Amino acid sequence: MAARDDEGRGSAAVAAKGGDVAGGDGAGGGRAENDYHGRLIAQVESIAHIGSFVYEADGRPVEWSEEMFKLLDWSQQAPASLEALVDTVSEEGRGKLRTAVEEALATGKPFDLEAPLITGRGQLRLVRLRAEAPERGDGVRRLVGIAQDVTERRQFEDRTWRLANQDFLTRLPNRRLFEESLERALEVARFNGGKVGLLLLDLDYFKEINTSLGHATGDVLLHVVAGRLRRAVGPADEVARTGGDEFAVLVRDPEGPASLVALSRQILKAVEQPVPIRGSEVAVRASVGGALFPDHARGVGDMLDSAQAALARAKTTGRRIGLVYDDEMRQGADSRFRIHEAIRGALARDEIFPHYQPKVDLETGAVIGLEALVRWRTGSSGLVFPAEFGSALSDGFLGSAIATRVLEKVTDDIRDWLDAGLPFGSVAVNVTAIELMRGAYHEQVAEVLQRKAIPFDRFQVEVTETVFLQFEGREIRDTIARLDALGVKVALDDFGTGFGSLVHLRRLAVSLIKIDRSFIEHIDTQPEDEAIVRALIALGKDLGKRVIAEGIEREEERRALLSLGCVEGQGYLFGLPSPTAETAKMLEDERRRRLGD
Ligand code: C2E
Ligand code: MG
Ligand code: MG
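Here goes a summary of the coordinates provided. (Residues numbered from 1 in each chain as written. Chains lettered and ligands numbered in written order. Predicted model: local features only at pLDDT ≥ 70, side-chain atom pairs only at ≥ 80, totals over all residues. Heavy atoms only, no water.)

Re the overall build of the chain
Per the secondary structure count, the chain includes 24 helices and 21 strands. Going through the 597 residues of the chain one by one, you find that 47% of them count as buried. Across the chain, the fraction of contacts at a sequence separation of at least 24, relative to all contacts at a separation of at least 6, is 63%. (Helix = DSSP H or I, 4+ residues; strand = E, 2+ residues; numbered from the N terminus. Buried < 20%, exposed > 50% of the residue type's maximum accessible area, 1.4 Å probe, protein only. Contact = heavy atoms within 4.5 Å.)

Okay, structure coming up:
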């Protein structure tokens, strides 16, 4: 530090350490002044943990500052030669430092490098060495440098890096880092015309293993699978853990689709050996989906989509290895790509809106609430329904953008209706598992409601129970509990269509269940359906949940539901989903009707 910017002061710093080593060259002022500056600089060095050294290339011994001795843990009598410094550097760095020093002394080129040093007590420290070699005036160069111990800082940086880029459990790269690697690999392949393979591996029945044998067992299993996977692929290939029970492999320069399939087989063979855990053997089964660049995809997103589609196909057909090779699957990926592009445009042009469908009292027909249903109102071809852009709704990024847009518009409408004194009860929005998994959804909701001064009980959230099939439920469970604690009620949508409905009902803080339309539509003609609905209603009542029937289209359905004791419902019989203005009119009529009553 000081040694770099002023030669005189630099030497003074060296002199100040107490005279064990020869003093400066006398270029500074008087001795007292020298001592004063020296002490000052020694103090600064000590605070900054930066040592300094000066070496005259005319054969004099190296001069070290006091802090330099501390840094290296040397007694101050240690031989202070330049060689001695170079020798403290551990073998890998030694050559580099020697070259840098020689070059600096020969040409004056400064250096700045990090080197692992062995201290006097035999400890390994990472030290940053920076030096310049100005000419002294008589043609001889003087090497002036500083040394700083950066061990802790580097450890901290490493830790931070690992937190951001590595999966905690398996120490494999996480999705973020993996996508970066994939991006780079594609760039190289684009440049040199090569190929890149992507394999996604998903464990079958992992959730069941987790639930029945416990999370600790699940963790061991993931760890073992990670190791097997790494050993099964080539040294240049990269393995990552990209999700709960999903791994990804980046395959460099595969020959073609056949070699990807062969590698998939090899991977499955390695992964599917039973894992001994606590005295018993746990069977492992997995599926693999793959995609090849440039054959199946143009970019990272595309490639992940294609491999994911292949994986889904592998799972549903029971083939267990899928590669994007047929047109149908390619079309699937293509159409997803097109839909996502279209929705991005729709968001930018502000064409995403909620429509509202009333929920009514089945006896009186009075409006008790509204459900917001998202619509894309295109400029040219009219309304587009969520079924057509479902893949965008469940996309991490786009789904969030849509959810935020819907949330803002719905809460704007609620605010207006509150101001107008319209009797809308409460408004429910639908959210996907991805939104709830993010872990901050309840905060987002609380923020919006507070900002617009909307009482929390005027807003509800609907979650379809099928979401719990795709995802490990803890974050979702927590988010639901937090919403409930805020006073925002949560409904379990499409109730009865997913597996394990009853388990969800017991574990989730939901206040309402919505019986799926598939049970309602034949309720008056199929005794089995009637029996199921009767049981669901009884169950809801026993558990203290409100029960709402969905998709009521006919008067017979309404009467059948009433006779079973279900008093709330929703469906075309009472009202179609309609835009904000029409909904306001409907609510206006409702208000008049109530006043007239
Ligand atoms: P859902 O939440 O179960 O909504 C009920 C669906 O049934 C709606 O379809 C509604 O228009 C339709 N429906 C209502 N009454 C009747 C009826 O009497 N007969 C028949 N056949 N259908 C009826 P929609 O609006 O197309 O929405 C479909 C699904 O898309 C919703 O099912 C919901 O899961 C999802 N969805 C809708 N809006 C959003 C949203 O803003 N975000 C998210 N993530 N999902 C949404
Ligand atoms: Mg719903
Ligand atoms: Mg539903």
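Overview of the pattern of salt bridges
Pairing between side chains of opposite charge can happen when the charged atoms of each approach one another. Counted by the stated rule, this structure contains 46 salt bridges. A salt bridge links E103 to K109; its shortest N-O distance comes to 3.8 Å. With relative accessibility at 46%, the residue K109 sits in the partly exposed group. Ionic pairing is found between D204 and R285, a salt bridge with its closest N-O pair at 3.9 Å. Here D204 is found in the loop between β6 (196–203) and α9 (206–213), whereas its partner R285 is found in the loop between β10 (280–282) and β11 (286–293), with 81 residues between them in sequence. Classification of D204 by relative accessible area gives buried; the value is 12%. By sharing partners, the salt bridges in this structure join K359, E371, E462, K514 and E550 into a single network. (Salt bridge = Lys/Arg side-chain N within 4 Å of Asp/Glu carboxyl O.)

Describing the environment of A286
Mapping A286 onto the fold places it in strand β11. Overall, the relative accessible area of 0% leaves A286 in the buried class. The spatial distance from the C-alpha of A286 to the C-alpha of K269 is 9.7 Å, given a sequence separation of 17 residues. The contact partners of A286, leaving out residues within four places of it in the chain, are L201, D202, L203, D204, L268, V271, E272 and R320.

Considerations on the sheet that holds strand β5 (residues 142–149)
Ordered in space as β2-β1-β5-β4-β3, the five strands form an open sheet in which the pairing is antiparallel. Among the strands making up the open sheet, the edge pair consists of β2 (63–64) and β3 (111–118). Across six bridges, strand β4 (residues 124–132) lies against β5 in antiparallel orientation. Looking at β5, one finds that A131 is bridged to G145. The sheet contacts of helix α7 (residues 151–165) involve β3, β4 and β5, and relative to β4 the element is tilted by about 110°. (Pairing = 2+ DSSP bridges. Axes fitted to C-alpha atoms, helices over the stretch in contact; angles between N-to-C directions.)

Considerations on the coordination of the magnesium ion (ligand 3)
Distances from the magnesium ion (ligand 3) to its protein donors, D493 (OD), D494 (OD), E550 (OE) and E550 (OE), fall within 2.0 to 2.5 Å. Read in sequence order, the donor residues coordinating the magnesium ion (ligand 3) give the pattern D-D-x55-E. Between the two metal centres, the magnesium ion (ligand 3) and the magnesium ion (ligand 2), the spacing is 4.3 Å, with D493 acting as a shared donor. One end of the pair, D494, is in strand β18 (residues 489–495); the other, E550, is in the loop between β20 (546–549) and α23 (555–564), with 56 residues separating them in the sequence. What makes D494 partly exposed here is its relative accessible area of 23%. A relative accessible area of 12% places E550 in the buried class. (Donors = N, O, S within 2.8 Å, 3.2 Å for Na, K, Ca; no water.)

Concerning the packing of aromatic side chains
For the structure on display, the rule yields four aromatic pairs. Between the aromatic rings of W64 and F69, the centroid separation amounts to 6.2 Å while the plane-to-plane angle is 75°, which identifies the pairing as edge-to-face. Like W64, the residue F69 is buried in the burial classification. Judged by centre distance (5.9 Å) and plane angle (55°), the rings of W417 and F424 are tilted. Members of the aromatic cluster, connected to one another through ring pairs, are F53, W64 and F69. The side chain of K409 reaches across the aromatic face of F353, ending 4.1 Å from its centre. The ring of F424 is capped by R458, whose NZ or CZ atom sits 4.4 Å from the centre of that ring. (Phe/Tyr/Trp six-rings, centres within 6.5 Å; stacked < 30°, edge-to-face > 60°. Lys NZ or Arg CZ within 6 Å of the ring centre and 35° of its normal.)

What about the coordination of the magnesium ion (ligand 2)?
Taken together, E371 (OE), N430 (OD1), E462 (OE) and D493 (OD) make up the protein donors of the magnesium ion (ligand 2), found 2.0 to 2.2 Å from the metal. In terms of primary sequence, the donors binding the magnesium ion (ligand 2) are separated according to E-x58-N-x31-E-x30-D. Residue E371 is classed as buried on the basis of its relative accessible area, which comes to 4%. Among the residues examined, D493 registers a relative accessible area of 4% and is labelled buried.

Some thoughts on α23
Taken residue by residue, α23 has E557, R558, A560, L561 and L564 as its buried positions. Projected down its long axis, α23 carries its buried residues within an arc of 165°, all on one side. On its buried side, α23 packs onto α21 (517–520), α22 (527–542) and β20. (Arc of directions from axis to C-beta.)

A look at the nonpolar core
Counting 65 residues, the largest nonpolar core has F459 and V461 as the members making the most contacts within it. Here F459 is in contact with L407, V410, T411, I414, S426, V427, V429, V445, L449, V488 and K489, once residues within four sequence places are set aside. In terms of nonpolar packing, the next biggest core, distinct from the first, is built from 31 residues, V239, L260, L263 and L292 among them. (Core = buried A, V, L, I, M, F, W, Y, C linked by side-chain atoms within 4.5 Å.)

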